[in-house]
Amino acid sequence: MSDTENKGQQMWGGRFAAQPSDIMQSINASIDIDKRMVLQDVAGSRAHADMLAECGIISEEDNEKIQGGLDQVLDEVKAGTFPYRVELEDIHMNVEARLKELIGEPAGRLHTARSRNDQVVTDFRLWVRGALTEAQAGLLALQKVLVRRAGETAETVMPGFTHLQTAQPVTLGHHLLAYVEMAERDRGRLHDAALRLNESPLGAAALAGTGFPIDRDMTAEALGFDRPMANSLDAVSARDFALEALAALSIAATHLSRLAEELVLWTSAQFGFAVLSDEWSTGSSIMPQKRNPDAAELIRAKASLIAGQFASLQGAVKALPLAYAKDLQDDKRLTFEAFDTYGLCVKAMTGMIETVSFNAANMRAAAAKGFSTATDLADYLVREMKMPFRDAHHVTGRIVALAEADGVDLAALPLQKMQTVEPRLTDDVFSVLSVEASAASRQSYGGASPVRVAEQVTLWKTRLGLEADISE
Ligand code: ARG
């Protein structure tokens, strides 16, 4: 029985007498997942067929029929009428089988000098390349929103924490810009992954290359790759491009999760630093007063899913001898899910940051608690009284103890009390004890002072092209 007579027959079925069992088909089929690569698969086939014709391996007429058939396949995909069939296993065999139905015999020549092993990883590299571009765009949008909000809050004083204990006053703008820096490195990592990924495995065939006189530079160029991969075994079996993309994505998701955690804390009644907009809050089915930061919590959880997807793929790859093994089929499920999840998270974070309202009064009040200007007092003693910093630290510690005993902030402790520890102190000391003075004094490069934050905001606006798209 020929393939044309029996459409249910597997493409590789020549040597088999019986069909695979249903369970075999279920565990083997990947079409539900890899149908997302249909455009990449058609692009790869077009480039391959053009090259085969150019190199005289198939005729021009056959190539024209193949290209025309692939046009029809694309039309069907766009119209939503393309028949994805699970019995055809994966997207590669679905496209080829449909092509055969549409154009007949020439379709059978398309797979000359090609294997699904180089075909799948070509498609996958193209898909990941596109996904990396999208993920970078998502991050850029988040950065722009963060920079805008940082510009608005360059002078908003808030507590800076270490160990989640009040440490020193900082500015909210400075805090938000910290995430802009992280996002910039995240974008850089995604960008780097895309550069290293951009080599073509097509033409490696099953694992050893081919005896046909193919031109791998031609297909590489047609698909926008920088060059063909130099080793056919590596070409079909390497998945470090996907691992690298997932690692970069997982780090980026980790940063989103940290910011999400800040939002969870800041929007709690105990902190009272921020209120999420209605669009980005959820209610409780029993407690009418609730306004929950669900999206932030989900981002926190989903960062672990993405880390898990990286670990799962690494686990699949680490013990595989060269070259291809079917373990690699699940690389796509993991990678697609990770990019989908990240895309959703970065958009949700952008929406939350864009619309969250900050409570500057509560932030300021919290910044004044916990003797947050104690370092400023110690620095003052060093500067004005030429005390060694270690001594100043000790003197300040004793003054803090007095304030603590009286239950007041440093700025509210009477001068006479301070003078019992250091008699040379005068009223002048109060000039450094306010949270505003403290934040304003942090003018070293990279510091939290409003001046430095405003400078950074200006730099970022230029760098991210923000001047162009906002009217201020
Ligand atoms: N669906 C397969 C995958 O995603 C395509 C490659 C199959 N190759 C093979 N020799 N069975 O990995």
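Attention here is on the structure that accompanies the text.

Observations concerning the overall build of the protein chain
Here is step 1 of the chain: The secondary structure content of the protein chain amounts to 19 helices and six strands.
Here is step 2 of the chain: Compactness check: the protein chain gives a C-alpha radius of gyration of 31 Å against a globular reference of 23 Å for 472 residues, more than 25% above the reference.
Here is step 3 of the chain: For the C-alpha atoms alone, the extent of the protein chain along its principal axes is close to 105 × 50 × 50 Å.
Here is step 4 of the chain: Buried residues in the protein chain amount to 49% of all 472 residues.
Here is step 5 of the chain: Summed over all atoms, the accessible surface of the protein chain reaches about 22300 Å², with 53% contributed by carbon and sulfur.
Here is step 6 of the chain: Taking the average place of the 47 positive charges on the side chains of the protein chain and the average place of its 65 negative ones, the gap between the two points comes to 4 Å.

What to know about helix α15 (residues 389–406)
Here is step 1 of the chain: Given a rise of 1.5 Å per residue, 18 residues ought to cover 26 Å, and the 26 Å separating the end C-alpha atoms of α15 matches this to within 8%.
Here is step 2 of the chain: Restricting attention to buried positions, one finds in α15 the residues Ala392, Val395, Thr396, Ile399, Val400 and Ala403. When α15 is viewed along its axis, its buried side chains cluster within an angular range of 145° and face the same direction. Opposite the packed face of α15, turned more than 90 degrees from it, sit the exposed residues Arg390, His394, Glu404 and Ala405.

Quick look at the pattern of salt bridges
Here is step 1 of the chain: One pass over the structure, following the stated rule, counts 27 salt bridges.
Here is step 2 of the chain: Linking Arg36 and Asp340 is a salt bridge whose minimum nitrogen-to-oxygen distance equals 2.8 Å. Taken together, the residues span a long stretch of sequence, with Arg36 in the loop between α2 (31–34) and α3 (38–54) and Asp340 in helix α12 (residues 331–355) at a distance of 304 residues.
Here is step 3 of the chain: The class of Arg36 is partly exposed, set by a relative accessible area of 38%.

Examining α3
Here is step 1 of the chain: Along its 17 residues, α3 runs 24 Å from first to last C-alpha, staying within 8% of the 24 Å computed at 1.5 Å per residue.
Here is step 2 of the chain: With twelve of 17 residues buried, α3 is to be regarded as a mostly interior element.
Here is step 3 of the chain: Among the residues of α3, Val38, Gln40, Asp41, Val42, Gly44, Ser45, Ala47, His48, Ala49, Met51, Leu52 and Ala53 are the ones counted as buried.
Here is step 4 of the chain: In this fold, the buried residues of α3 make contact with α2, α4 (60–79), α5 (91–103), α6 (116–152) and α8 (216–222).
Here is step 5 of the chain: In the stretch just after α3, Gly56 is the one whose phi turns positive, near 75°.

A look at the site of the ligand
Here is step 1 of the chain: Every residue close to the ligand is listed here: Ser30, Asp90, His92, Arg116, Asn117, Val120, Tyr324, Lys326, Gln329 and Lys332.
Here is step 2 of the chain: A distance of 2.8 Å separates a nitrogen atom of the ligand from a polar atom in the side chain of Asn117.
Here is step 3 of the chain: Within the side chain of Lys332, a nitrogen or oxygen atom sits 2.7 Å from an oxygen atom of the ligand.
Here is step 4 of the chain: Compared with its free state, where it exposes 340 Å², the ligand has 85% of that area covered by protein.
Here is step 5 of the chain: For the shell around the ligand, the element with the most residues is α6, which contributes three residues.
Here is step 6 of the chain: Each residue belonging to the shell around the ligand can be placed in one class, and the counts come to two nonpolar, four polar and four charged.

Observations regarding the packing of aromatic side chains
Here is step 1 of the chain: This model, assessed by the stated rule, comprises eight aromatic pairs.
Here is step 2 of the chain: Counting every residue linked through ring pairs, the aromatic cluster contains Phe124, Trp127, Phe241, Phe336 and Phe339.
Here is step 3 of the chain: A cation sits over an aromatic face here: Lys35 above Tyr84, 4.9 Å from the ring centre.
Here is step 4 of the chain: Sitting over the ring of Phe225, Arg129 keeps its end group 5.2 Å from the ring centre.

Observations concerning a nonpolar patch on the surface
Here is step 1 of the chain: A surface patch of nonpolar side chains, amounting to about 270 Å² of accessible area, comprises Met11, Trp12 and Phe16.
Here is step 2 of the chain: Of note, Met11 is situated in the segment before α1 (22–28).

Brief notes about the pairing of strand β1 (residues 157–162)
Here is step 1 of the chain: Summarising the sheet, β1 and strand β2 (residues 165–171) pair through six bridges and their orientation is antiparallel. Residue Gly160 lies in a different strand from β2, and its bridge partner there is Gln168.
Here is step 2 of the chain: Following β1, the chain reverses through two residues before pairing antiparallel with β2; His163 in that reversal takes a positive phi of roughly 55°.

Some details on the packing of helix α10 (residues 240–266) against helix α11 (residues 294–318)
Here is step 1 of the chain: Where α10 meets α11, the closest approach of the two axes is 8 Å, and the angle between their N-to-C directions is 160°. In terms of orientation, α10 and α11 fall into the roughly antiparallel class. Regarding α10 and α11, the two cross each other, and that crossing is left-handed.
Here is step 2 of the chain: Its residues assigned to classes, the contact of α10 with α11 shows 17 nonpolar, five polar and three charged.

A few points about the nonpolar core
As a rule of thumb, soluble globular proteins bury nonpolar side chains together.
Here is step 1 of the chain: Counting 97 residues, the largest nonpolar core has Val128, Leu132, Leu249, Phe339, Tyr342 and Met349 as the members making the most contacts within it.
Here is step 2 of the chain: Residues within four places of Met349 in sequence aside, it is in contact with Leu142, Leu256, Leu259, Ala260, Leu263 and Ile299.
Here is step 3 of the chain: Counting 22 residues, the second largest nonpolar core, distinct from the first, contains Ala374, Tyr380, Met385 and Leu425.

About the thresholds
- Residues numbered from 1 in each chain as written.
- Predicted model: local features only at pLDDT ≥ 70, side-chain atom pairs only at ≥ 80, totals over all residues.
- Heavy atoms only, no water.
- Helix = DSSP H or I, 4+ residues; strand = E, 2+ residues; numbered from the N terminus.
- Rg over C-alpha atoms; globule rule 2.2 N^0.38 Å.
- Buried < 20%, exposed > 50% of the residue type's maximum accessible area, 1.4 Å probe, protein only.
- Areas by Shrake-Rupley, 256 points an atom, 1.4 Å probe, with all protein chains shown as cover.
- Lys, Arg positive; Asp, Glu negative; His and termini not counted.
- Charge placed at Lys NZ, Arg CZ, Asp CG, Glu CD.
- Expected span 1.5 Å × (residues − 1).
- Arc of directions from axis to C-beta.
- Salt bridge = Lys/Arg side-chain N within 4 Å of Asp/Glu carboxyl O.
- Contact = heavy atoms within 4.5 Å.
- Near = heavy atom within 4 Å.
- Polar contact = N/O pair within 3.5 Å; in protein donor to acceptor, adjacent residues only side chain to side chain.
- Nonpolar A, V, L, I, M, F, W, Y, C, P; charged D, E, K, R; others polar.
- Phe/Tyr/Trp six-rings, centres within 6.5 Å; stacked < 30°, edge-to-face > 60°.
- Lys NZ or Arg CZ within 6 Å of the ring centre and 35° of its normal.
- Patch = residues over 30% accessible without salt bridge, like charges linked within 9 Å, V, L, I, M, F, W, Y side chains within 5 Å.
- Pairing = 2+ DSSP bridges.
- Axes fitted to C-alpha atoms, helices over the stretch in contact; angles between N-to-C directions.
- Parallel < 35°, antiparallel > 145°, perpendicular 65-115°, else oblique.
- Left-handed = near helix turned anticlockwise from the far one by under 90°.
- Core = buried A, V, L, I, M, F, W, Y, C linked by side-chain atoms within 4.5 Å.

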